[in-house]
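# Survey of secondary and tertiary structure
Next come the chains, spelled out residue by residue.
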Amino acid sequence: MTRNADETRRKLLEAATSEFAQYGIAGARVDRITKSAGVNNALLYRYFGSKLDLFDIVYSRLVTETVDQVPLDVDDLPGYAVRLYDYYSTHPNVIRLTAWSQLERPGQPLPQAARDAQQDKTERIVAAQQEGVLPNTLPADELLALIVHLSLANTPLVPNAQEHIDRDRRRTSVLTAARAILNGAADTSAGSHDTVASTDSSRQHAG
């Protein structure tokens, strides 16, 4: 019985993921989801509650999978941006559900999995900044946001006006831009240190 229930849940989640990605929350139809999963409507409500509850579960599941499949590497943030870009390219439902969530549930907090992952990544960047691995001129959360934003290039969240996008060229641009952000922050950091050192030297000389 447990095996059958698990299999039913899996089928419903897969069908719901496709349905929500294509139609959003309001446009999704419970009967289409259950028909695709090969079960009756009663089982959907039994296992997942309402359609809205089901959407939250599906979205949280995709977020968790993304975090697991594309872990943060503080030693290579540009590479992390590119890996996210590649993942979103091959897993478009992640982006589509994110877009639907923002459109139809603008006041709803992010899934707990997303908030936990955000907090963990921010803390790891802070630690790397304190150790001198990453420049500290940008707040850790802002640096993370910029890197993630680059990975969303040419998705429904950051659409492009061009009809055709050379994905390899865009991928290279994501990598180059991420490196430029880090190099620029590092240069600014070095410049500020030089200014402080110069000021201290002038004060010592004047004294």
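For the structure, see preceding data.
Structure report, in brief. (Residues numbered from 1 in each chain as written. Predicted model: local features only at pLDDT ≥ 70, side-chain atom pairs only at ≥ 80, totals over all residues. Heavy atoms only, no water.)

### Notes on the packing of aromatic side chains
Scanning all chains against the criterion turns up two aromatic pairs. Pairing F20 with F55 gives two aromatic rings, centres 5.2 Å apart and planes at 85 degrees, and the pair type is edge-to-face. Of this pair, F20 sits in helix α1 (residues 2-27) while F55 sits in helix α4 (residues 51-69), and the two are 35 residues apart along the sequence. On the accessibility criterion, F20 (0% relative accessible area) is buried. Consider the rings of F55 and Y59, whose centres lie 6.0 Å apart with planes at 35 degrees: the pair is tilted. Here Y59 and F55 lie together in helix α4, a separation of four residues that amounts to about one turn. Since its relative accessible area comes to 7%, Y59 is described here as buried. Against the face of Y23 rests R32, its NZ or CZ located 4.1 Å from the ring centre. (Phe/Tyr/Trp six-rings, centres within 6.5 Å; stacked < 30°, edge-to-face > 60°. Helix = DSSP H or I, 4+ residues; strand = E, 2+ residues; numbered from the N terminus. Buried < 20%, exposed > 50% of the residue type's maximum accessible area, 1.4 Å probe, protein only. Lys NZ or Arg CZ within 6 Å of the ring centre and 35° of its normal.)

### Thoughts on the pattern of salt bridges
Tallied over the full model, the rule gives nine salt bridges. Two residues, D6 and R9, come together in a salt bridge whose shortest N-O distance is 3.4 Å. Here R9 and D6 lie together in helix α1, a separation of three residues that amounts to about one turn. Among the residues examined, R9 registers a relative accessible area of 32% and is labelled partly exposed. Between R10 and E7 there is a salt bridge; the shortest N-O distance is 2.4 Å. Of this pair, R10 and E7 both sit in helix α1, separated by three residues, roughly a single helical turn. Since its relative accessible area comes to 35%, R10 is described here as partly exposed. (Salt bridge = Lys/Arg side-chain N within 4 Å of Asp/Glu carboxyl O.)

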